[in-house]
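Each chain, written out:
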Amino acid sequence: MEYLIIIISAVFVNNVVLSQFLGICPFFGVSKKISTAIGMSLALVLVMGLATLVTYLIQNYVLVNTWFGEKIDITFMQTIVFILVIAALVQMVEIILKKINPTLYQALGIFLPLITTNCAVLGAALIVVTKQFSFGGEPHMMNLGESVVYAMSLAVGFGVAIILFAGMREQLALSNVPKAFRGTPIALITAGLLALAFMGFQGIV
């Protein structure tokens, strides 16, 4: 039940793009076609899950830990460490996929390098080390399994939002949009309406 609450919360209630406003650049830049939106979504689910797994372990066993009988807390280095880890992880995933699964590597194409600059990945890594859920009325810090599920659910939420948005933009490209609203203006208006639609999920969990 706890995992179901986490998934619903991450995908719909606290959507990483439409509620938390992370990953806005790829949301607008890679949403002109549904095919590219799906590619970015798949790459993000893979990288965000791995990045959260690694950064969670670093947070709890390196940045905050007991060394030689002394409690160490160097969380002030959290952001820079997470950025370096995510950048290195993306490069490693790219190299490994190219060696063991060229088909998947070709399918993801340019989307893996783009994820390095996607703030949603860093945002998810930072959120999971501070996020509390209320299970049975008691606040509860997420464990490793819940953190990875939450991060991958955030990526799925990103995918749902960007694929819906890409479908709308493809439809708008075939519509007779007034000249003053073509391009970025109508995209911003559409994104705002999509965000309003997702507000209807508030209060579910």
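Described in the following lines is the structure provided in the data block. (Residues numbered from 1 in each chain as written. Predicted model: local features only at pLDDT ≥ 70, side-chain atom pairs only at ≥ 80, totals over all residues. Heavy atoms only, no water.)

Side note on the pairing of strand S1 (residues 64-67)
Next, step 1: When S1 meets strand S2 (residues 70-73), the two strands line up antiparallel, connected through 4 bridges. Paired with threonine 66 across the strands is lysine 71, a residue of S2.
Next, step 2: In textbook terms, the turn of a hairpin is the stretch between consecutive antiparallel strands, and for S1 and S2 this stretch comprises 2 residues, one of which, phenylalanine 68, has a positive phi near 55°. (Pairing = 2+ DSSP bridges. Helix = DSSP H or I, 4+ residues; strand = E, 2+ residues; numbered from the N terminus.)

With respect to the nonpolar core
Next, step 1: The biggest cluster of nonpolar side chains holds 54 residues, and the ones touching the most others in it are Leu18, Phe27, Met48, Ile115, Val121 and Tyr150.
Next, step 2: Listed by contribution, the elements that provide at least two residues to this core are helix H1 (2-13), helix H3 (34-63), helix H4 (78-100), helix H5 (102-108), helix H6 (111-115), helix H7 (119-128), helix H8 (144-173) and helix H9 (184-198).
Next, step 3: When sequence neighbours within four positions are dropped, the list of residues in contact with phenylalanine 27 reads Val17, Leu18, Phe158, Ala161, Ile162, Phe165, Ala191 and Leu194. (Core = buried A, V, L, I, M, F, W, Y, C linked by side-chain atoms within 4.5 Å. Buried < 20%, exposed > 50% of the residue type's maximum accessible area, 1.4 Å probe, protein only. Contact = heavy atoms within 4.5 Å.)

A few points about unusual backbone geometry
Next, step 1: For phenylalanine 21, which is not glycine, the phi torsion reads 55° and is therefore positive.
Next, step 2: Among the structural elements, phenylalanine 21 can be located in the loop between H1 and helix H2 (24-29).

A look at the packing of H3 against H8
Next, step 1: The geometry of H3 relative to H8 is characterised by a closest axis approach of 8 Å and an angle of 165° between their N-to-C directions. Between H3 and H8, the interaxial angle falls into the category roughly antiparallel. Between H3 and H8 lies a crossing of right-handed hand.
Next, step 2: A breakdown of the residues in the contact of H3 with H8 according to their chemical character gives 21 nonpolar, 6 polar and 1 charged. (Axes fitted to C-alpha atoms, helices over the stretch in contact; angles between N-to-C directions. Parallel < 35°, antiparallel > 145°, perpendicular 65-115°, else oblique. Left-handed = near helix turned anticlockwise from the far one by under 90°. Nonpolar A, V, L, I, M, F, W, Y, C, P; charged D, E, K, R; others polar.)

Some thoughts on the environment of glycine 145
Next, step 1: Take glycine 145: it is sitting in helix H8.
Next, step 2: Along the chain, glycine 145 and leucine 53 lie 92 residues apart, while their C-alpha atoms are 8.5 Å from each other.

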